Amino acid sequence: ERIEMMSGYESAIAMAQLQQRPLLIIFGADWCSWCRKLEGELEAEAAGSILSRWIVTKVDVDDEPEIANRFSASALPALRILTTSQNVIGGREGYQTLDELQQWLDENLVRADPKIQAVLYESG
């Protein structure tokens, strides 16, 4: 099943906090061909299961330049993993295949997911 990508930073943070899910921000622009190629990967059927534990949002650097600056998103596409409290857990620049993206997300999920963090801290 395909995931629904959100658009815009503030609404994505609110959704991540509401659903207690980590956030994957994809910074891009309409004129960026590698960004469109990455979006194509994310729209593939296989992407649904990989991204199901995440809130995924696109941030257009031309529409939200202050957010792009805040996360040093200059080379596009730029990917950032955030916790619900807006701490950056990981960042990558450039196009990723779905396999590369899955590996990177899996490596960072434990540190980014508030549900997993809650279990780790409760169990000591």
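Going by the structure above, here's the rest.
The notes below deal with the structure included here. Just so you know, these numbers come straight off a predicted model, no measurement behind them.

Looking at the pattern of salt bridges
Now for step 1: Going through the model one piece at a time under the given rule, you end up with 3 salt bridges.
Now for step 2: Between Arg53 and Asp113 there is a salt bridge, with the nearest N and O atoms lying 4.0 Å from each other. In this pair, Arg53 sits in the loop between helix 3 (47-51) and strand 3 (55-60) while Asp113 sits in the loop between helix 5 (98-112) and helix 6 (114-123), placing the two residues 60 residues apart along the sequence.
Now for step 3: The exposure class assigned to Arg53 is partly exposed, which follows from its relative accessible area of 44%.
Now for step 4: Note on Asp113: relative accessible area 5%, which makes it buried.
Now for step 5: Glu93 is paired through a salt bridge with Arg80; the nearest N and O atoms lie 2.7 Å apart. Residue Glu93 is found in strand 5 (residues 88-93), and its partner Arg80 is found in strand 4 (residues 78-82); the two are separated by 13 residues along the sequence.

About the thresholds
Residue positions are counted from 1 within each chain, in the order its sequence is given. Side-chain atom pairs in this predicted model are given and counted only at pLDDT of 80 or more, local residue features only at pLDDT of at least 70, and totals for whole chains, interfaces and linings cover all residues. Side-chain metrics in this entry use all non-hydrogen atoms of the structure; hydrogen atoms and water are not considered. The term salt bridge refers to a pairing of a side-chain nitrogen on Lys or Arg with a carboxyl oxygen on Asp or Glu at a separation within 4 Å. The numbering of helices and of strands both runs from the N terminus, where a helix is a DSSP run of H or I of at least 4 residues and a strand a run of E of at least 2. When a residue's accessible area, from a 1.4 Å probe over protein chains only, is under 20% of the maximum for its type it is buried; when over 50% it is exposed; and in between it is partly exposed.

By themselves, these are just geometric observations and shouldn't be taken as functional.
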